[in-house]
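Reading the structure
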Amino acid sequence: MTEFKRAFSLVWDHFTLVTPNKVQCALCSQRLSFNKNTSAMLRHLRSRHPSEAWYSNSTSGAHSSTSNSTSGVHSFSNSIISSAGVHSSFSGTTGLNSMFTNNAAAGHHIQVRTTRQEDLDDALVNMLVKDTQPFSVVEEEGFAAFVQKLDPSYNLPNKQALKKMVGSRCEFVNDNVVSQMVISDFVSLTSDMWTSIDKHSYISVTGHLVAENAQLSTFLLGISKLPENHKVIHIEEAKNQLVASWGLHSRVAAFVTENSENMVATVQKLGILQLPSFAHVLNLVIKRSMEATLELQDIRSQARAIVAFFKLNQNAEMRLAEVQGQLGRPEQKLIQEVDSRWNSSFSMLERIFDQRESVAAALSTLDTDIIPLGSADYEVIHQCLGVLGSFNQATAELASEKRVSASKVIPLVRMLKITLEKKHGAIIHPTATQLASNLQRELQTSCSMVETEPILALSALLDPRFKMLAFGNQGYAQEAVKLLTSECASLIRINPDKDNTLPPSTTGSTTPSPTSPQTSSWAMETASVSMATSPSKSHDGGLWEMFDSKVGETQSVQSSTADAAVEVQHYLSDPYLNRVENPMHYWEKHSKVYPHLFQLARKYLSVPASSVPCERIFTKAGDVFNKKRSCLSMKTIEQIMLLNKGLV
């Protein structure tokens, strides 16, 4: 087998086949899985040994007649890593492109070429994972005939070979995630529970960190199946296993989950700070407010009945479409609300209001007992939609962005409160007024203390788009500045030699800022003693040893506090970043200017505002858990979701 491979790829000059299923790298001695192709070995060389080998694209003359057919096929692994925020040195295309390496140690050129079979295997696995197709597709008669028609020379792999390929790629992705976690001091986690089509319960955990290039990166830690009658202890064991398997317990900045008793209890037992998912908090605030508005509840109930009638009656649905055409209205189907998502209620009411004339005309021509909504009802809907508009915008923002940092929570809450106050005075209808009052009360009950939550306050302060303007209470803003200064000072004491490129005129200043922690008078006096004259070692038999030590400690604390205050104040005086810009771009440019604040930004801006990133996994999992995949093992399912997460 080794000799056969040498005929196509010289990657074997760097690897030795140690077992039928394992190869060993000659450069670092790492062992890799061998699945009858050299793809994993090539990826290993390009990612782990860029100094020993560099790659460029060239078209092989031996395959020039067919190169056009594959020039647009992108590397599977390159797609995964680039989408996850992890850079690699892969070439942009695969197919029949040749790749050359320069072996600096040996002083000669080595040509490394992937085979046509390997390239198409990569493309096939890419398709299966991205489109969540079952492995059995390769055994489907129609698919096999289609592939044969495209390329008669391609040997379609079987299901077992595909599973091995997926496993190999997962190893590579996990290696890159681990390398990023080594660089990042802190990782934030999100978790969610979900039920598959076969009624089994699962829990998944995602990780979030700021990668080496100062870009936010999200990855799947794992999925665990829960017992049929799962309890808190089962959830705790599953989470603990997923977190422990990556060695993250001491490096988790925050664990963001829904605020249910089970989730909160399990995270607290892990000894990790739990942060409520803001999307879930906002959802509960609005649902409770709508339920407390009785007239709106009656209208929602009536609207649900109308929508259900058109959804379940094909003739009624067709009649509605005809009427819409006759009235010159866009042909739009009605939307039914979902109990778990408040914004589905907003969409239902908005759609039925937009199509009110068509709905009324269609109902008048159909044999039904459904009572149509009246003009007074539609006026209530119109007024209530105006009140809920800003909340719908906030919910859409939380759901649409792939990564919404916790830095947005405080300014979002503040903007919602301000918008409600403005609208409250302009509302005419009493039902809409009641809804606005309910929203204000629930928002105050659930979110009154967000500005005092350290993680939320520090993340807002470290976001150059918001800083102190995020806060409605300037007292809380000043407390956040003090806390940031304190954490910055701690970093300076830990890393006293870290360069600070602030202008000398500011870094040399020892003037205490308004937010610097207060110190006692005797400490201020000892701080004036220069380091050159202060005794570093007692020469009087130890009589003054404790005092001299205290002086040194006090000077160190005061010096680091003063330096931290200067760094924080200089950052806060910088111009604000445009709200639509990426805050991490700012920190990438200013990482040398504010080195300690940059470390803190990597910690706090990695915390997501909600568990939506984790929810997206089980939304996609619905495509994986289907009848054609009923025999997949838990490990294989987890591998598919891991790779699919990287490709989405």
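Analysis parameters
All residue numbers refer to positions counted from 1 along the written sequence of the respective chain. For this predicted model, a pLDDT threshold of at least 70 governs which residues receive local features, and a threshold of 80 or more governs which side-chain atom pairs are given and counted, while totals over whole chains, interfaces and linings are taken from all residues. Here the side-chain values reflect all heavy atoms present in the structure, with hydrogen atoms and water set aside. UniProt positions are given in the numbering used here, feature names are shortened, and annotations may be inferred rather than shown by experiment. Each helix corresponds to a stretch of at least 4 residues labelled H or I by DSSP, and each strand to a stretch of at least 2 residues labelled E; elements are numbered beginning at the N terminus. Exposed residues in this analysis have more than 50% of their type's maximum accessible area, buried residues have under 20%, and partly exposed residues fall in between, with area computed by a 1.4 Å probe over protein chains only. For two strands to pair, DSSP has to find at least two bridges joining them. Angles run from 0 to 180 degrees between N-to-C directions of axes, and those axes are lines fitted to C-alpha atoms, restricted for helices to the stretch in contact. Crossover handedness is defined here as right-handed if the route from the first strand over the helix to the second strand goes clockwise, with the strands pointing away from the viewer. Put simply, buried Ala, Val, Leu, Ile, Met, Phe, Trp, Tyr and Cys residues joined by side-chain atoms within 4.5 Å make one nonpolar core. The contact rule is simple, with two residues in contact once any of their heavy atoms fall within 4.5 Å. What makes a salt bridge here is a side-chain nitrogen of Lys or Arg within 4 Å of a carboxyl oxygen of Asp or Glu, nothing more. We call Phe, Tyr and Trp rings a pair once their centres come within 6.5 Å, taking the six-membered ring for Trp, and we label the pair stacked below 30 degrees between planes, edge-to-face above 60, and tilted otherwise. In our convention, an over-ring charge means Lys NZ or Arg CZ found within 6 Å of a ring centre and within 35 degrees of that ring's normal. Take the far helix as your reference; a near helix turned counterclockwise from it by less than a right angle gives a left-handed crossing, and one turned clockwise gives a right-handed crossing. Each residue gets one of three labels, nonpolar for Ala, Val, Leu, Ile, Met, Phe, Trp, Tyr, Cys and Pro, charged for Asp, Glu, Lys and Arg, and polar for the others, Gly among them.

As recorded in an unreviewed UniProt entry, the protein chain goes by Zinc finger BED domain-containing protein 6-like isoform X2 and comes from Salmo salar. In its Subcellular location (unreviewed entry) section, the UniProt record describing the protein chain reads: "Nucleus".

Here we take up unusual backbone geometry. One non-glycine residue, serine 29, lies in positive phi territory at about 70 degrees. On the secondary structure map, serine 29 appears in the loop between β2 (22-25) and β3 (31-33). For serine 29, a relative accessible area of 47% translates into the label partly exposed. Non-glycine residue lysine 467 carries a positive phi angle of around 50 degrees. Within the fold, lysine 467 resides in the loop between α17 (454-461) and α18 (474-494).

The pairing of strands in a sheet comes from backbone hydrogen bonds and takes either a parallel or an antiparallel form. Taken together, five strands build an open sheet; the order of strands is β9-β8-β7-β10-β11 and the sheet is mixed. Of all the strands in the sheet, just β9 (216-225) and β11 (274-276) have a single pairing partner and so form its edges. Mean inter-strand twist for the sheet, computed between neighbouring axes without regard to direction, equals 25 degrees. Bridging between strand β10 (residues 252-257) and β11 involves three bridges; their strand directions are parallel. Bridge pairing in β11 places valine 256 opposite leucine 275.

Time to look at the pairing of β10. The buried count for β10 comes to six of six residues, which makes it a mostly enclosed element. Alignment of strand β7 (residues 187-195) against β10, held across three bridges, turns out to be parallel. Bridge pairing in β10 links threonine 190 to valine 256. You can see the chain leave β10, run along helix α8 (residues 261-269) and come back into β11, and the turn it takes is right-handed.

Attention shifts here to the nonpolar core. In terms of nonpolar packing, the biggest core is built from 96 residues, with Phe310, Ile381, Phe391, Trp587 and Leu597 touching the most fellow members. With 10 residues, the single largest contributor to this core is helix α14 (residues 375-400). Ignoring sequence-local partners within four residues, the contact set of leucine 597 consists of Leu462, Leu484, Cys488, Glu567, Val568, Tyr571 and Trp587. By size, the runner-up hydrophobic cluster in this structure holds 19 residues, among which are Leu221, Leu242, Leu270 and Ile272.

What follows covers the pattern of salt bridges. One pass over the structure, following the stated rule, counts nine salt bridges. Glutamate 322 is paired through a salt bridge with arginine 319; the nearest N and O atoms lie 3.1 Å apart. Residue glutamate 322 and its partner arginine 319 are both found in helix α11 (residues 314-326); the two are separated by three residues, about one turn of the helix. Taking the relative accessible area as the measure of exposure, glutamate 322 reaches 42% and is therefore partly exposed. When its relative accessible area of 21% is taken as the criterion, arginine 319 is described as partly exposed. Ionic pairing is found between glutamate 442 and arginine 441, a salt bridge with its closest N-O pair at 4.0 Å. Here glutamate 442 falls in the buried class, since its relative accessible area comes to 14%. Taken together, the shared-partner salt bridges connect Arg300, Arg304 and Glu337 into one network.

Moving on, we come to the environment of histidine 596. With respect to the element layout, histidine 596 can be found in helix α23 (residues 595-604). For histidine 596, a relative accessible area of 2% puts it in the buried group. Each C-alpha atom, one on histidine 596 and one on leucine 491, is 6.4 Å from the other, the two residues being 105 residues apart in sequence.

As a further point, take the side chain of serine 277. In this structure, serine 277 sits in the loop between β11 and α9 (278-291). Taking the relative accessible area as the measure of exposure, serine 277 reaches 0% and is therefore buried. Beyond its immediate chain neighbours, meaning those up to four positions away, serine 277 contacts Val256, Thr257, Glu258, Ala609, Ser610 and Ser611.

Next up on the list: the packing of aromatic side chains. Going through the model one piece at a time under the given rule, you end up with eight aromatic pairs. For the pair tryptophan 587 and tyrosine 594, a centre-to-centre distance of 6.5 Å together with 75 degrees between the ring planes defines the contact as edge-to-face. An identical accessibility class is assigned to tryptophan 587 and tyrosine 594; each is buried. Joined through ring pairs, the aromatic side chains of Tyr571, Tyr586, Trp587 and Tyr594 make up one cluster. Above the ring of tyrosine 576, the side-chain terminus of lysine 467 is found at 5.1 Å from the ring centroid.

Turning our eyes to something else, we now look at the packing of α9 against helix α16 (residues 430-447). How two helices sit against one another is set out by the angle between their axes and by the gap between those axes. Where α9 meets α16, the axes come as close as 8 Å, and the angle between the chain directions of the two elements is 145 degrees. Between α9 and α16 the crossing geometry is right-handed. Residues Phe278, Val281, Val285, Ile286, Arg288, Ser289 and Met290 of α9 pack against Leu435, Asn438, Leu439, Glu442, Leu443, Ser446 and Cys447 of α16. Of the residues contributing to the contact of α9 with α16, the split by class is nine nonpolar, three polar and two charged.

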